[in-house]
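Below, each chain spelled out in residue letters.
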Amino acid sequence: MAEPLKTLVGGVEVEVPNSIPDIRATLPEDRREDFDRAVNEAGVQDIHAVMRHWMLEAVPDPAADGLLERLAADEAERRGVA
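Residues numbered from 1 in each chain as written. Predicted model: local features only at pLDDT ≥ 70, side-chain atom pairs only at ≥ 80, totals over all residues. Heavy atoms only, no water.

Glancing now at the layout of surface pockets. Approximately 290 Å³ is the volume found for the largest pocket. Lining the largest pocket are 14 residues, with Leu-5, Asn-18, Arg-52, Met-55 and Leu-71 sitting closest to its centre. When residues of the lining of the largest pocket are traced back to their parent elements, those giving at least two are strand E1 (5-9), helix H3 (47-57) and helix H4 (64-79). The greatest single-element share of the lining of the largest pocket, amounting to five residues, is contributed by H3. (1 Å grid on protein atoms, 1.4 Å probe; cavity = no way out; pocket = protein on both sides within 12 Å on 5 of 7 lines; lining within 4 Å. Points joined across faces, edges and corners; volume = space filled by probe spheres on them. Helix = DSSP H or I, 4+ residues; strand = E, 2+ residues; numbered from the N terminus.)

Turning next to the packing of aromatic side chains. All chains considered together, the criterion is met by one aromatic pair. Taken together, a centroid distance of 5.5 Å and an interplanar angle of 70° make the contact between Phe-35 and Trp-54 edge-to-face. One end of the pair, Phe-35, is in helix H2 (residues 29-41); the other, Trp-54, is in helix H3, with 19 residues separating them in the sequence. Taken as a pair, Phe-35 and Trp-54 share a single burial class, namely buried. (Phe/Tyr/Trp six-rings, centres within 6.5 Å; stacked < 30°, edge-to-face > 60°. Buried < 20%, exposed > 50% of the residue type's maximum accessible area, 1.4 Å probe, protein only.)

Taken N-terminus to C-terminus, the directions of H2 and H3 make an angle of 165°; their axes are 10 Å apart at the nearest point. Viewed along their axes, H2 and H3 adopt a mutual orientation that is roughly antiparallel. As for how H2 packs across H3, the hand of that crossing is left-handed. Contact with H2, carried on its side by Arg-31, Asp-34, Phe-35, Ala-38 and Val-39, involves Ile-47, Val-50, Trp-54 and Glu-57 of H3 and no other residues of that element. (Axes fitted to C-alpha atoms, helices over the stretch in contact; angles between N-to-C directions. Parallel < 35°, antiparallel > 145°, perpendicular 65-115°, else oblique. Left-handed = near helix turned anticlockwise from the far one by under 90°. Contact = heavy atoms within 4.5 Å.)

The subject of this paragraph is the pairing of strand E2 (residues 12-16). Relative to E2, E1 runs antiparallel, the two being bridged by five bridges. Its bridge partner lying in E2, Lys-6 is registered against Glu-15. (Pairing = 2+ DSSP bridges.)

Attention now moves to the pattern of salt bridges. A complete count under the given rule lists six salt bridges for this structure. Here Glu-57 makes a salt bridge to Arg-31, at a shortest N to O gap of 2.5 Å. With a gap of 26 residues between them, Glu-57 in helix H3 and Arg-31 in helix H2 connect regions that are remote in the sequence. The partly exposed category is assigned to Arg-31, whose relative accessible area is 25%. One salt-bridge network, held together by shared partners, links Arg-31, Glu-33, Asp-34, Arg-37 and Glu-57. (Salt bridge = Lys/Arg side-chain N within 4 Å of Asp/Glu carboxyl O.)

This is how it looks when you write it as structure tokens:
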């Protein structure tokens, strides 16, 4: 099982779900069908972006765009794409 990621939200450290089941369980019930569809339709090239999008939606964060950009940059650097 994937270890949760951690980030700060309003100065408080919170865990960010980091697996399909954990993200799904954290989402409001009315968003789970959309999540399932997005994950099932994602190709190999897209799954990282899809997961990042939904993991951030699972954590209320008004600065989610900044977090998404940092995670995307970290992933690009890890993969040597940056």
